[in-house]
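The primary structure of each chain is shown beneath.
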Amino acid sequence: QIHSDSDEGDGSIKYTISGEGAGTIFIIDEVTGDIHATERLDREEKTFYTLRAQARDRLTDAPLEPESEFVIKVQDINDSEPKFLEGPYIGSVAELSPIVASLICMAFSVLSKPSRICLHIIHTL
């Protein structure tokens, strides 16, 4: 919610937003200043949105305060767990292996984007 100190609750102030997703992803109640998302936000698609808000005179549309910028950060939930493409994975290290030995490489996919991770053993005495 955005709120102007000059808002006396008589409906004479109109709240507006502009910027990324204003009017589509984010809507504002012009009377109360409450901001709502109209769709589910996904951090894998967009991590944050930058919006600007302003309180304006409802009759003249003149700004009552300078425009304020704010950022909506999208929290991450683990809705796209990695999918391992092979497995089970079993690794071993041979006796007298070099100090840095590759143990195992795993292929996985997150959001249909193939990736690969390799585990290495570093041995010190």
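A brief structural summary. Bear in mind that the values here come from a model prediction, so they are computed numbers and not experimental data.

1. Focus on the overall build of the protein chain
Logical step 1: Across its full length, the protein chain carries zero helices and eight strands.
Logical step 2: Shown N-terminal to C-terminal, the secondary structure of the protein chain runs as helices and strands in the order β-β-β-β-β-β-β-β.
Logical step 3: Across the 125 residues that make up the protein chain, the buried fraction comes to 22%.

2. Overview of the packing of aromatic side chains
Logical step 1: For the coordinates displayed, the defined rule picks out one aromatic pair.
Logical step 2: Ring centres 5.1 Å apart and planes at 80 degrees place the aromatic pair Phe 26 and Tyr 49 in the edge-to-face group. Placement of the pair is Phe 26 in strand β2 (residues 26–28) and Tyr 49 in strand β4 (residues 48–57), with a sequence separation of 23 residues.
Logical step 3: For Phe 26, a relative accessible area of 3% gives the class buried.
Logical step 4: Take Tyr 49: its relative accessible area is 8%, and that puts it in the buried class.
Logical step 5: Positioned above the aromatic ring of Phe 48, the side-chain terminus of Lys 46 is 5.9 Å from the ring centre.

3. With respect to the pattern of salt bridges
Logical step 1: Counted under the stated rule, the structure contains five salt bridges.
Logical step 2: With a closest N to O distance of 3.7 Å, Arg 58 and Glu 30 form a salt bridge. Pair noted here: Arg 58 is in the loop between β4 and β5 (68–73) and Glu 30 is in the loop between β2 and β3 (35–37), with a separation of 28 residues, a long-range link.
Logical step 3: A salt bridge links Arg 52 to Glu 67, with the nearest nitrogen and oxygen atoms 3.7 Å apart.

4. Some words on the pairing of β4
Logical step 1: Counting buried residues in β4 gives seven out of ten residues, a clear majority hidden from the surface.
Logical step 2: With seven bridges connecting them, strand β1 (residues 13–19) and β4 associate as antiparallel partners. Counterpart to Thr 16 in the pairing with β4 is Gln 54.
Logical step 3: Here β4 pairs with β5 via six bridges, running antiparallel. Considered in β5, the bridge of Leu 51 is made with Phe 70.

5. Some points on the side chain of Ser 4
Logical step 1: The topology assignment puts Ser 4 in the segment before β1.
Logical step 2: On the basis of relative accessibility, which here comes to 0%, the residue Ser 4 falls in the buried class.
Logical step 3: Here Ser 6 takes part through its side chain, which lies 2.8 Å from a polar atom of the side chain of Ser 4.
Logical step 4: Within the structure, the side chain of Ser 4 is placed 2.4 Å from the side chain of Glu 65, a separation counted as a polar contact.

Analysis parameters
As a convention, each chain's residues are numbered from 1 in the sequence order in which they are written. Note on the predicted model: pLDDT of at least 70 is required for a residue's local features to be given, and 80 or more for side-chain atom pairs to be given and counted; whole-chain, interface and lining totals, by contrast, use all residues. Heavy atoms throughout the structure, all of them, feed into the side-chain values; hydrogens and water do not. Segments assigned H or I by DSSP are reported as helices when at least four residues long, segments assigned E as strands when at least two residues long, and all are numbered from the N terminus. Accessibility here uses a 1.4 Å probe with only protein chains present; expressed as a share of the type maximum, an area under 20% marks a residue as buried, one over 50% as exposed, and anything in between as partly exposed. Side-chain rings of Phe, Tyr and Trp (the six-membered ring for Trp) are treated as a pair once their centres are within 6.5 Å; stacked means planes under 30 degrees apart, edge-to-face means over 60, and tilted covers the remaining angles. Throughout this description, the term charge over a ring refers to an Arg CZ or Lys NZ atom that lies within 6 Å of the ring centre and within 35 degrees of the ring normal. What counts as a salt bridge is simple: a side-chain nitrogen of Lys or Arg found within 4 Å of a carboxyl oxygen of Asp or Glu. Whether two strands pair depends on DSSP finding at least two bridges between them. Two N or O atoms form a polar contact when they lie within 3.5 Å of each other; inside protein one atom must be a possible hydrogen donor and the other a possible acceptor, and for residues adjacent in sequence the pair counts only when both atoms belong to side chains.

Any functional reading would require information beyond the geometric quantities listed.
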